[in-house]
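Fold and contact review
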Amino acid sequence: MTMETEPTSTGSTSASSRRVSYFYDAEVGNYHYGQGHPMKPHRVRMTHNLVVNYGLYKKMDVFRPRLLSPTAMTRFHSDDYINFLKVITPDNMTDYTRQLQRFNVGEDCPVFDGLFEFCQLYTSGSIGGAARLNEDSADIVINWSGGLHHAKKAEASGFCYINDCVLAILELLKKHERVLYIDIDIHHGDGVEEAFYSTNRVMTVSFHKFGEYFPGTGDVLDIGYADGKNYAINFPLNDGMDDEAYESVFKPVLSKVMEHFAPGAIVLQCGADSLSGDRLGCFNLSVKGHADCVAFMRSYNIPMLVLGGGGYTLRNVPRCWTYETAVVVGEPVKDDLPFNDYYDYFGPDYSLHLPVSNMENLNSKEYLNRTKTQLIDILREVEPVPGTQIQTGQVESQLNPRGFGMEVDAPSKDEGGNAKADNPDERSDERMDGRKEHSAELPS
C-alpha cells in the first residue's frame, strides 16, 4: 500500500509561491575520504537520485555551481591555509609534515585525491545559493553538499576543510543587516559560532549533543562576546532526543529568536546525524521530526539557504534530505521509494520513513524547560535592531570593518563574482551561481 506523506507547513503562504533553487554537481559523489572513513560524499549523489526519481527537480531551478576561486575563499580563511589545501596531495604529503600538523589535516580530515576541488564544489554551491537569494532570484536555495560547519579560519576540523556556512553568511551580509544561522546537526556548529562570536549582525543557534562529545563546545553559558554578547544561542542536549522533545525546545526558542532578532535571511544547517540510528550520532529523531524544523523555518517566508552537514548512515541521509527537499518545495511524496540507481541500499522496507529506536531519552522535561527558559531570558536582552557593523566586502556599501580584520573585496566575474547582469535569470559560465543543468542530465 502506498502512502502519500504531506510535507509539513505551518505558514499561511502557499507552497506554490516559493521559488526554490537547487545546487548539485554530479562530480561531488566521486570524492572519497578513504577506506573506513565515516564521511561519504556519495550520500549527496544518492540524495540527488531520489530527488530526481520522485520528480521533485521539476519544482525547482537546478543549477551546477560555477567553481569559486581560491581568492574568494580567503574572505574567511587565511591565505596560508588555502594555499596549503591547493597544493597538498596524497603523493606529496611527506613534504608538508609541519603544515599537516599546523592545519590539523591528516586523520579526521585526511588528504585525498581532488581534496581542493571537492572543497570548491561544495563551497561554490553555498555561496552561489546566497548570491541567488541576494539578487532575489529565489526564496529558498538548497545545497545538500554544503553545511561543513566545523572548519576554522586556518584549520580543518571534524571532516570539514572550508567553512561554506561562514562564506555564505558573509555573502548574505552584503545585502542583509542581520543573518540567522541555525544548526540541527548533532554536533555543535563551533566553526560558525567562532567566526561571528563578537558581532551582533549574525546570530548563531545550535541544538547539539554536549558532554564528552565532539567538538566539546557549545555550553549554554557560551552566549557571545563584546558586541556579539547574547547573539550565540546554544542548547546542549543529552542522548536520546526524540521528535516530541526536540519540537518542544526548537519551536519556542526559534519563535523568540525571530521575534527579537528579526533576520533578513536564514542559513539552516540540516546535519542528518541527529537522526535515529546514525553511525556516529546518539539522538532518536525520525525523518519527519528532523524535517519539521525545516518546515517551521520555511513558514516565516524569509530568504533561506538550506545546507547539508553530518550524517553517517548511508541509507538514511538521502531519505532525510529528499523528504526535506519535498518539504521545501511543498510537494507531497509517497512513502514507498521510487525505483532508483541505489534502490538496494534502502532494503528491506524500501520506504522513505523509518521507525525510530526504543532508546531512552535522557533529556528530562525539567532539564529541557529549564534550559529553554534560560535561553529565552538571554534573548530578551537582544536589542531590537543591532547596529554593530561588519566588513562584508561590498565595496559600494558604507559598511566599515569593526572587529573583523579580513580582506573581503567583492570578487570579479573572473573569480566567479556576483556581478550584475541585464537579466539576472540568464545563466552563463560568467556567473558565480552556476548555470542550468544540461537537459541530458535529468530525465524528461
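Not measured: the values here are computed from a predicted model.

Notes on the overall build of the protein chain
On a plain count of helices and strands, the protein chain comes out with 11 helices and 11 strands. The proportion of buried residues among the 444 residues of the protein chain is 59%. By element, 47% of the accessible surface of the protein chain is carried by carbon and sulfur atoms, the whole surface being about 17700 Å².

Brief notes about the environment of Glu193
Mapping Glu193 onto the fold places it in helix H7 (residues 190-195). When the C-alpha atoms of Glu193 and Gly218 are compared, they prove to be 8.9 Å apart, with 25 residues separating the residues in sequence. Apart from the residues lying within four places of it in its own chain, the contact partners of Glu193 are His188, Thr204, Ala232 and Asn234. Within polar-contact distance, the side chain of Glu193 engages the side chain of Asn234 at 2.7 Å.

A look at helix H8 (residues 243-261)
Compared with the 27 Å implied by 1.5 Å per residue over 19 residues, the 26 Å span of H8 between its first and last C-alpha is a close match. Here H8 has its buried residues at Ala245, Tyr246, Val249, Phe250, Val253, Leu254, Lys256, Val257, Met258, His260 and Phe261. Buried residues in H8 make contact with strand E5 (179-183), strand E6 (202-209), strand E7 (232-237), strand E8 (265-269), helix H9 (287-298) and helix H11 (365-379).

Considerations on H9
Its 12 residues place the ends of H9 17 Å apart at the C-alpha level, agreeing with the 16 Å of an ideal helix rising 1.5 Å per residue. H9 sits mainly inside the fold: 11 of its 12 residues count as buried. Of the residues making up H9, those classed as buried are Val287, Gly289, His290, Ala291, Asp292, Cys293, Val294, Ala295, Phe296, Met297 and Arg298. Buried residues along H9 sit against strand E4 (140-143), E5, H8, E8, strand E9 (304-307) and helix H10 (317-329).

Section: the state of the cysteines
One pass over the full model with this rule turns up zero disulfides. Cysteine Cys160 shares no disulfide, and the gap to the nearest cysteine sulfur, in Cys109, comes to 6.8 Å. Cysteine Cys165 is unpaired, with the sulfur of Cys160 as its nearest cysteine sulfur at 7.9 Å. In this structure Cys165 comes out as buried when scored by relative accessible area, which is 0%.

Examining the side chain of Thr204
Topologically, Thr204 is positioned in strand E6. Given a relative accessible area of 6%, Thr204 falls into the buried group. Once you skip the residues sitting within four places of it in the chain, Thr204 turns out to touch Tyr181, Val192, Glu193, Tyr231, Ala232 and Ile233.

Thoughts on unusual backbone geometry
The linkage connecting Phe214 with the following residue, Pro215, adopts the cis geometry, with an omega of 0°. Looking at the element boundaries, Pro215 is found in the loop between E6 and E7. That bond from Gly347 to Pro348 is cis: its omega, 5°, falls within 30 degrees of zero. Tracing the sequence through the fold places Pro348 in the loop between strand E10 (333-334) and H11.

Here we look at the nonpolar core
Soluble globular proteins tend to bury their nonpolar side chains together. Membership of the largest hydrophobic core comes to 135 residues, with the highest contact counts inside it found for Tyr161, Leu180, Leu254 and Met297. For Leu180, the residues in contact, after removing those within four places along its chain, are Met203, Val205, Leu254, Val257, Met258, Phe261, Pro263, Ala265, Ile266, Val267 and Met297.

Concerning the pattern of salt bridges
What the rule picks out here adds up to 15 salt bridges. Close ionic contact of Lys59 with Glu331 constitutes a salt bridge, the shortest N to O distance being 3.7 Å. With Lys59 in the loop between helix H1 (42-53) and strand E3 (61-64) and Glu331 in the loop between H10 and E10, this residue pair connects regions lying 272 residues apart in the sequence. Here Glu331 falls in the partly exposed class, since its relative accessible area comes to 26%. Sharing partners across several salt bridges, the network here consists of Arg19, Asp136 and Asp139.

Considerations on the packing of aromatic side chains
Inspection of the entire model under this criterion finds 23 aromatic pairs. Each ring, one from Phe118 and one from Tyr122, has its centre 5.2 Å from the other, and the planes form 65°; the classification is edge-to-face. Taken together, the residues span about one helical turn, with Phe118 and Tyr122 both in helix H5 (residues 115-134) at a distance of four residues. Of the two residues, Phe118 and Tyr122, neither departs from the other in class, the shared state being buried. Ring centres of Phe207 and Phe235 lie 5.8 Å apart, and the angle between their planes is 20°; this geometry places the pair in the stacked category. Within this pair, whereas Phe207 is found in strand E6, its partner Phe235 is found in strand E7, the two being separated by 28 residues in sequence. Using a relative accessible area of 1% as the deciding quantity, one classes Phe235 as buried. Each member of the aromatic cluster is reached from another via a ring pair, and the members are Tyr31, Tyr33, Phe112, Phe118, Tyr122 and Tyr161.

Conventions and cut-offs
Residues numbered from 1 in each chain as written. Predicted model: local features only at pLDDT ≥ 70, side-chain atom pairs only at ≥ 80, totals over all residues. Heavy atoms only, no water. Helix = DSSP H or I, 4+ residues; strand = E, 2+ residues; numbered from the N terminus. Buried < 20%, exposed > 50% of the residue type's maximum accessible area, 1.4 Å probe, protein only. Areas by Shrake-Rupley, 256 points an atom, 1.4 Å probe, with all protein chains shown as cover. Contact = heavy atoms within 4.5 Å. Polar contact = N/O pair within 3.5 Å; in protein donor to acceptor, adjacent residues only side chain to side chain. Expected span 1.5 Å × (residues − 1). Disulfide = S-S within 2.5 Å. Core = buried A, V, L, I, M, F, W, Y, C linked by side-chain atoms within 4.5 Å. Salt bridge = Lys/Arg side-chain N within 4 Å of Asp/Glu carboxyl O. Phe/Tyr/Trp six-rings, centres within 6.5 Å; stacked < 30°, edge-to-face > 60°.

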